[in-house]
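Below are the chains, spelled out letter by letter.
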Amino acid sequence: MGLTIAIDGPAASGKGTIGRALAAHFGLGYLDTGLLYRAVGRRMLDGEDPIEAAQSLRAEDLEADGLRGPEAAQAASKVAAIPEVRAALVDFQRAFAAREGGAVLDGRDIGTVICPEAPVKIFVTADAEVRAERRLRDLVAGGHAVTLDEVLEDIRARDARDAGRSDAPMRAAEDAVRLDTTRIGIDEAVAAAVALVERAGA
Ligand code: CDP
Ligand code: CDP
């Protein structure tokens, strides 16, 4: 089995940016697990039962319009608190993590539930205000009409719900290394993550 890297942390902390860069650097596959929950959330907003949606999730659901926006994000965080929804998504994530060439997965419960044996676990954080400013830039560039206050509220509400749920709450695994990106740019954050992986001898 190849190298598995587990990345967790709150909304817009830099998980995906760091995860994609690590995958490219070490030649691993990359899975944004948040997209699975966003796709289930989208189908719930379209009127479907979220458990049935999770059990029948299709590849094309991951390409639905607007999945990156705050509406899908809020819906994702709500369906993510339903144990049957989480259970329906476990096998796909574990199979991806076990792929031959190795993999990077990012989400909320990768180091604690999906891949507790991963040799490298990183918990990425940053102050909520900084995260909101960064996410606002991405959303506006993607054509979403949102304000900083709305983005900050979305992030705070999701963080509280994600950390407070009883099934697979967002938290750092005991052996995770914390990486705070509040005061560092992408290049520095990625360099720190690469160094962590190399130090782990992976
Ligand atoms: O995947 P996650 O929601 O945790 O965050 P992301 O989409 O990777 O990062 C949110 C935004 O923060 C992106 O625009 C990143 O480019 C930016 N970012 C940054 O400015 N500095 C960092 N050290 C990490 C991310
Ligand atoms: O990009 P951002 O960090 O804002 O969110 P995301 O990673 O796309 O995740 C959207 C929502 O899905 C989160 O707020 C969580 O409620 C949920 N999620 C989860 O519960 N477990 C995961 N492994 C990934 C996402």
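On a predicted model such as this, the values are computed, not experimentally measured, just so you know.

1. Quick word on the layout of surface pockets
In this structure, the largest pocket spans a volume of roughly 920 Å³. Contributing to the lining of the largest pocket are 41 residues, with A12, G14, K15, G16 and R135 lying nearest its centre.

2. Comments concerning the sheet that holds strand β1 (residues 4-8)
Neighbouring strands of a sheet are bound in pairs by backbone hydrogen bonds; such pairs are parallel or else antiparallel. Reading across from one edge, β2-β3-β1-β4-β5 is the order of the five strands in this open sheet, with parallel pairing throughout. One side of each edge strand has no neighbouring strand; the edge strands of this open sheet are β2 (29-32) and β5 (177-180). Mean inter-strand twist for the sheet, computed between neighbouring axes without regard to direction, equals 20 degrees. Examined bridge by bridge, β1 and strand β3 (residues 103-107) share five bridges and lie parallel to one another. Note on β3: the bridge partner recorded for D8 is G107. In the packing of helix α9 (residues 186-199) onto the sheet, contacts are made with β1, β4 (120-125) and β5, and the angle to β5 comes to roughly 170 degrees.

3. Quick look at the environment of A160
Note on placement: A160 falls in helix α8 (residues 148-164). Residue A160 is classed as exposed on the basis of its relative accessible area of 53%. For A160 and M170, which are ten residues apart along the polypeptide, the C-alpha to C-alpha distance reads 9.3 Å.

4. A few points about the pairing of β4
Among the six residues of β4, six are classified as buried, and the element is accordingly described as predominantly covered. Neither face of β4 is open: one carries V120, I122 and V124, the other K121, F123 and T125, and all of them are buried. Relative to β4, β1 runs parallel, the two being bridged by four bridges. Among the inter-strand pairings, D8 is bridged to a residue of β4, identified as F123. In this sheet, β5 lies alongside β4 in parallel orientation, the contact comprising four bridges. Paired with I122 across the two strands is V177, which belongs to β5.

5. Examining the UniProt feature "binding site: ATP" (unreviewed entry) in the protein
In this structure's numbering, the residues bearing the UniProt feature "binding site: ATP" (unreviewed entry) are G9, P10, A11, A12, S13, G14, K15, G16 and T17. Residues that both appear in the annotated list above and line the largest pocket are A11, A12, S13, G14, K15, G16 and T17. Secondary-structure assignment places G14 in the loop between β1 and α1 (15-26). Turning to its location among the elements, T17 is positioned in helix α1. In this structure T17 comes out as partly exposed when scored by relative accessible area, which is 33%.

6. Things to note about the packing of helix α4 (residues 70-79) against α8
At a minimum axis distance of 9 Å, the contact between α4 and α8 shows a crossing angle of 15 degrees. The pairing of α4 with α8 is recorded here as roughly parallel in orientation. Seen along the crossing, α4 lies across α8 with a hand that is left-handed. Across the interface between the two elements, P70, A73, Q74, S77 and K78 of α4 pack against D154, A157, R158, R161 and D162 of α8.

7. Topic: the site of ligand 1
Not every one of the 14 residues close to ligand 1 is listed here, only the nearest: K15, G16, T17, R135 and D138. One of the backbone nitrogen or oxygen atoms of G14 is found 3.0 Å away from an oxygen atom of ligand 1. Backbone polar atom of G185 to a nitrogen atom of ligand 1: 3.2 Å apart, as the coordinates give it. Burial of ligand 1 by the protein amounts to 84% of the accessible area it has alone, namely 540 Å². With respect to the detected pockets, ligand 1 is housed in the largest pocket. Looking at the shell around ligand 1 residue by residue, the class counts come to four nonpolar, six polar and four charged.

Conventions we followed
- Residues numbered from 1 in each chain as written.
- Chains lettered and ligands numbered in written order.
- Predicted model: local features only at pLDDT ≥ 70, side-chain atom pairs only at ≥ 80, totals over all residues.
- Heavy atoms only, no water.
- 1 Å grid on protein atoms, 1.4 Å probe; cavity = no way out; pocket = protein on both sides within 12 Å on 5 of 7 lines; lining within 4 Å.
- Points joined across faces, edges and corners; volume = space filled by probe spheres on them.
- Pairing = 2+ DSSP bridges.
- Helix = DSSP H or I, 4+ residues; strand = E, 2+ residues; numbered from the N terminus.
- Axes fitted to C-alpha atoms, helices over the stretch in contact; angles between N-to-C directions.
- Contact = heavy atoms within 4.5 Å.
- Buried < 20%, exposed > 50% of the residue type's maximum accessible area, 1.4 Å probe, protein only.
- UniProt positions renumbered as here; feature names shortened; annotations may be inferred.
- Parallel < 35°, antiparallel > 145°, perpendicular 65-115°, else oblique.
- Left-handed = near helix turned anticlockwise from the far one by under 90°.
- Near = heavy atom within 4 Å.
- Polar contact = N/O pair within 3.5 Å; in protein donor to acceptor, adjacent residues only side chain to side chain.
- Areas by Shrake-Rupley, 256 points an atom, 1.4 Å probe, with all protein chains shown as cover.
- Sits in = over half its atoms within 2 Å of the grid points.
- Nonpolar A, V, L, I, M, F, W, Y, C, P; charged D, E, K, R; others polar.

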